Amino acid sequence: MSDTANGVRAGRPLRCLIVDDEAPARDELRFLLDAIPHTQVIGAAATAEEAEMLLRAVEYDVVFLDIRMPGMGGLDLAARLTTEPDHPAIVFTTAYPDHAVDAFELSAVDYLLKPFDEERLSQALDRVAARPAEGPQPRVGSAGADRGGGQRRLTVRIGDRTIFVSEDDLVAVSAARGYCYLTLSGERVLAGYNLAELEERLSSRFIRPHRSHLANLDRVAEIRSDYRGALTMIMDDAASTVIPISRRMGPEVRKQLGL
């Protein structure tokens with residue numbers, strides 16, 4: 001992990017809990033974590049129920065959580081954790097990519113697909129260490145408002161080059177297996193962020209009209225309704241990207257757009 005990330009925890013190790021029903025997977029993750037400075041594995045559980053007991057006894061910084069386990073699944077445990085104030089960061093570790101959207105709906109910090117290596121694990125730990133102490137909070141802001149002042153800018157690696165994306169150029173964001181696709185005016189790029197992370201990082205010009213998408217309210221070209229009354233956003237990029245609007249978010253989207 002980077003020195004900056006480590007400094008967030010005031011020099012003490014990140015306290016880790018491993019939750020996986022397969023012993024070889026627990027052992028492998030412990031081996032990888034033991035090789036990374038400033039981390040300390042102080043618990044391992046084979047079931048979500050066992051993990052709950054450990055979580056009541058120890059204050060953890062991060063829980064590495066498998067999704068498919070006998071009894072209570074990892075998503076169910078994560079849903080319970082996120083109802084608690086100051087809950088530990090959640091990093092899912094799974095062989096199944098199809099639960100990523102659900103995972104980030106629960107404010108997961110990262111989603112690691114097995115098998116992963118020490119480098120990928122270190123990236124997840126950097127995200128954990130950089131996480132605000134109170135954890136990311138969902139929000140829906142008003143168009144044009146800004147949190148913290150100044151326009152945000154994202155850094156995105158594309159092959160051997162790095163690009164900087166301003167909020168003006170960012171049209172929409174879509175979840176993609178633990179990462180995100182950024183829709184820009186003339187292209188679509190894969191970036192190493194997750195949706196919950198970007199929702200927290202971007203200003204309130206961005207709204208979450210659907211659990212898998214963020215949209216720049218300043219880049220909405222039109223709103224369409226089909227014969228069933230389902231709403232979609234048509235964005236103003238070159239591809240006229242279509243963003244679904246959930247029924248729950250329909251009234252909020254109309255309000256934010258002054259409709």
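Scroll up a little and you will see the structure.
Scoring rules and cut-offs
- Residues numbered from 1 in each chain as written.
- Predicted model: local features only at pLDDT ≥ 70, side-chain atom pairs only at ≥ 80, totals over all residues.
- Heavy atoms only, no water.
- Helix = DSSP H or I, 4+ residues; strand = E, 2+ residues; numbered from the N terminus.
- Expected span 1.5 Å × (residues − 1).
- Buried < 20%, exposed > 50% of the residue type's maximum accessible area, 1.4 Å probe, protein only.
- Arc of directions from axis to C-beta.
- Contact = heavy atoms within 4.5 Å.
- Pairing = 2+ DSSP bridges.
- Polar contact = N/O pair within 3.5 Å; in protein donor to acceptor, adjacent residues only side chain to side chain.
- Salt bridge = Lys/Arg side-chain N within 4 Å of Asp/Glu carboxyl O.
- Axes fitted to C-alpha atoms, helices over the stretch in contact; angles between N-to-C directions.

### So, helix α2 (residues 23–34)
Working step 1: In this model, α2 (twelve residues) spans 16 Å end to end at C-alpha, consistent with the 16 Å of a helix rising 1.5 Å per residue.
Working step 2: For α2, the set of buried residues is Arg-26, Leu-29, Leu-32 and Leu-33. Buried residues in α2, looked at end-on, bunch into an arc of 130°, giving them a common side. Exposed and facing more than 90 degrees away from the buried side of α2 are Pro-24, Asp-27, Phe-31 and Asp-34.
Working step 3: Packed against the buried residues of α2 are β1 (14–19), β2 (39–45), β3 (62–65), β4 (89–94) and α6 (118–130).

### Regarding the pairing of strand β10 (residues 188–191)
Working step 1: Along β10, the buried face is formed by Val-189 and Ala-191; none of Arg-188 and Leu-190, which line the opposite face, is buried.
Working step 2: In this sheet, β10 lies alongside strand β9 (residues 179–184) in antiparallel orientation, the contact comprising four bridges. Bridge pairing in β10 links Tyr-181 to Leu-190.

### Overview of the side chain of Asp-20
Working step 1: Looking at the secondary structure, you find Asp-20 in the loop between β1 and α2.
Working step 2: Under the relative-accessibility criterion, Asp-20 is labelled buried at 3%.
Working step 3: A polar contact is formed between the side chain of Asp-20 and the backbone nitrogen of Glu-22, at a distance of 2.9 Å.
Working step 4: In this structure, Asp-20 is in contact with Ala-25, Arg-26, Ala-45, Ala-46, Asp-66, Met-69, Thr-93 and Lys-114, ignoring residues within four places of it in sequence.

### Observations regarding the pattern of salt bridges
Working step 1: Applying the stated criterion across every chain, the model contains 14 salt bridges.
Working step 2: Residue Asp-20 is joined to Lys-114 by a salt bridge in which the shortest nitrogen-to-oxygen separation is 2.7 Å. Linking Asp-20 in the loop between β1 and α2 with Lys-114 in the loop between β5 (110–113) and α6, this pair joins segments that are 94 residues apart in sequence.
Working step 3: A salt bridge links Lys-114 to Asp-66; its shortest N-O distance comes to 3.8 Å. One end of the pair, Lys-114, is in the loop between β5 and α6; the other, Asp-66, is in the loop between β3 and α4 (74–81), with 48 residues separating them in the sequence.
Working step 4: The class for Asp-66 is buried, based on a relative accessible area of 6%.

### Quick word on the sheet that holds strand β8 (residues 170–176)
Strand pairing in a sheet takes place through backbone hydrogen bonds and is either antiparallel or parallel in direction.
Working step 1: The strand order across the open sheet built from five strands is β10-β9-β8-β12-β11, with neighbouring strands paired in antiparallel fashion. Single-partner strands in this sheet number two, and they are β10 and β11 (206–210). Looking at each pair of strands side by side, their axes are set apart by 25° on average, direction ignored.
Working step 2: Pairing of β8 with β9, which is carried by six bridges, proceeds in the antiparallel orientation.

### Section: the environment of Pro-115
Working step 1: Within the element layout of this structure, Pro-115 appears in the loop between β5 and α6.
Working step 2: Classification of Pro-115 as exposed rests on a relative accessible area of 82%.
Working step 3: Counting along the chain gives 22 residues from Pro-115 to Thr-93, while the straight-line C-alpha distance between them is 9.0 Å.

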